[in-house]
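Residues per chain, in single letters:
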Amino acid sequence: MTTTDGAPPSGARRTARSPRTAPAGEAAPLPTPSGWFCLALSRELSRGAVLTRRFADEDVVLYRTRTGDVRATRPYCPHMGAHLGYGSTVEGDTLVCPFHRFAFGTDGACVSDPDGVPLRTRLDHFPVLERNGFLYVWHGPDAGPPSWELPAVPGPEVRPTAHWAVEVDTHPQEVMENVADYRHLGTLHRLAVRQLTPPLPDGPFLRTNLRSHAGRIPLFGGLSWEKSTLMAGLGFTLTQLELPRFGLAVHLWGLPTPTGPWRTVLRVATACEVTDPRRVPGPSLPATRAAVTRLVARSTLRMTARVIQQDVPIWNHKRYEPVPRLAAGDHSVGIYRHWARQFYPSGS
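None of the values given here were measured: they were computed from a predicted structure. (Residues numbered from 1 in each chain as written. Predicted model: local features only at pLDDT ≥ 70, side-chain atom pairs only at ≥ 80, totals over all residues. Heavy atoms only, no water.)

> An account of a positive patch on the surface is needed here, citing residue identities and associated values.
Judged by side-chain charge, R294, R298, R302 and R306 come together as a positively charged surface patch. Looking at the element boundaries, R294 is found in helix α3 (residues 286-317). Overall, R294 belongs to the partly exposed group, its relative accessible area being 36%. (Patch = residues over 30% accessible without salt bridge, like charges linked within 9 Å, V, L, I, M, F, W, Y side chains within 5 Å. Areas by Shrake-Rupley, 256 points an atom, 1.4 Å probe, with all protein chains shown as cover. Salt bridge = Lys/Arg side-chain N within 4 Å of Asp/Glu carboxyl O. Lys, Arg positive; Asp, Glu negative; His and termini not counted. Charge placed at Lys NZ, Arg CZ, Asp CG, Glu CD. Helix = DSSP H or I, 4+ residues; strand = E, 2+ residues; numbered from the N terminus. Buried < 20%, exposed > 50% of the residue type's maximum accessible area, 1.4 Å probe, protein only.)

Next up, the structure:
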């Protein structure tokens, strides 16, 4: 497992490509869903920086202006097709193409060129959202605005302190289904889990509540806890673990992003915050509290990564069953599948 302070997907652990892929000329069993998907951590895109990320089988160029605004655009300059992710610069609030120095403003419009008369053209921007130290880009079936936004949880001051990524042969819907398929946690991962309430759909959101045993955490030992998970579309999960006994709350993000047909980068990140300083183990000094929260966040990430690494061979080689033969205890999977339909074009 690799723990970083924001490794890009190019540094994600890659798995061997599975022979279980769609035959040549055939479409993947699921198209790219609509919704918000994470393309980077905020700290990866400093002011004036430009990044290229793979998203939905095409390149997306991210850049941050000198005033701090983030933009995401399709990669090719409309003048003569240069790739803006290779050699472009950010000058003030404009993105400047390296080929002929055509410059584009934050609204995408061309604002200057070498001849002094800006072309009447513009870059094709994606909706982008920055929240809790992550950069999300919207994917939709048309060029319209996003039909919903990510929930504003946790608070804006909470940012990940540990991050890990893996690239697998699967689809975001299959990754997210692991949350609803809680019974595999006992059979595959040997985790004692009990569902407290069935998944609760609410438009583009789905909430679940489980009780599980978390194993050993430094300073705490074995611990059982309740965890609530919020799904927002098929690219965002946030699991919140309240530890009132220790005055802490742990936040765990799971962010699958489709990079190509049946290929997904899964980013996992954790953060821990103090909710009651009187209960934090050790002296209640700011430096001590910060050390404790980092330790808990990193320990949670390590445990989560070990679990996910057991899922990876399953994802890489399983077949998608559009009409699964669900057992009596698979009620949550049925709810999840029905909820997930809304993120695809009608009739797809």
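> Describe the sheet that holds strand β5 (residues 70-73), naming the residues involved and giving the relevant values.
As summarised here, the arrangement of the four strands in space is β3-β4-β5-β10, forming an open sheet in which the pairing is antiparallel. Unpaired on one side and paired on the other, β3 (50-55) and β10 (125-126) mark the two borders of the sheet. Here β3 runs beside strand β4 (residues 58-64); their pairing, made up of six bridges, is antiparallel. Counted as the bridge partner of F55 is E58 from β4. (Pairing = 2+ DSSP bridges.)

> Any chance you could break down the nonpolar core for me, citing the residues and the numbers?
Formed by 33 residues in total, the largest nonpolar core has its most connected members in Y136 and W253. Residue assignment for this core shows that the elements contributing at least two residues are β2 (35-41), β12 (134-139), α1 (172-180), β15 (205-217), β16 (221-232), β18 (248-260), β19 (263-274) and α4 (331-340). Ranked by residues supplied to this core, first place goes to α4 with four residues. F37, L62, V70 and F126 belong to the second largest nonpolar core, which has 15 residues in total. (Core = buried A, V, L, I, M, F, W, Y, C linked by side-chain atoms within 4.5 Å.)

> Please set out unusual backbone geometry residue by residue, giving values where relevant.
Cis geometry is found at the peptide bond from V153 to P154, where omega equals -10°. Within the secondary structure layout, P154 lies in the loop between β12 and β13 (162-168). Even without a glycine there, the phi angle at W262 is positive, about 60°. Here W262 is to be found in the loop between β18 and β19. Looking at W262, the relative accessible area reads 7%, which means it is buried.

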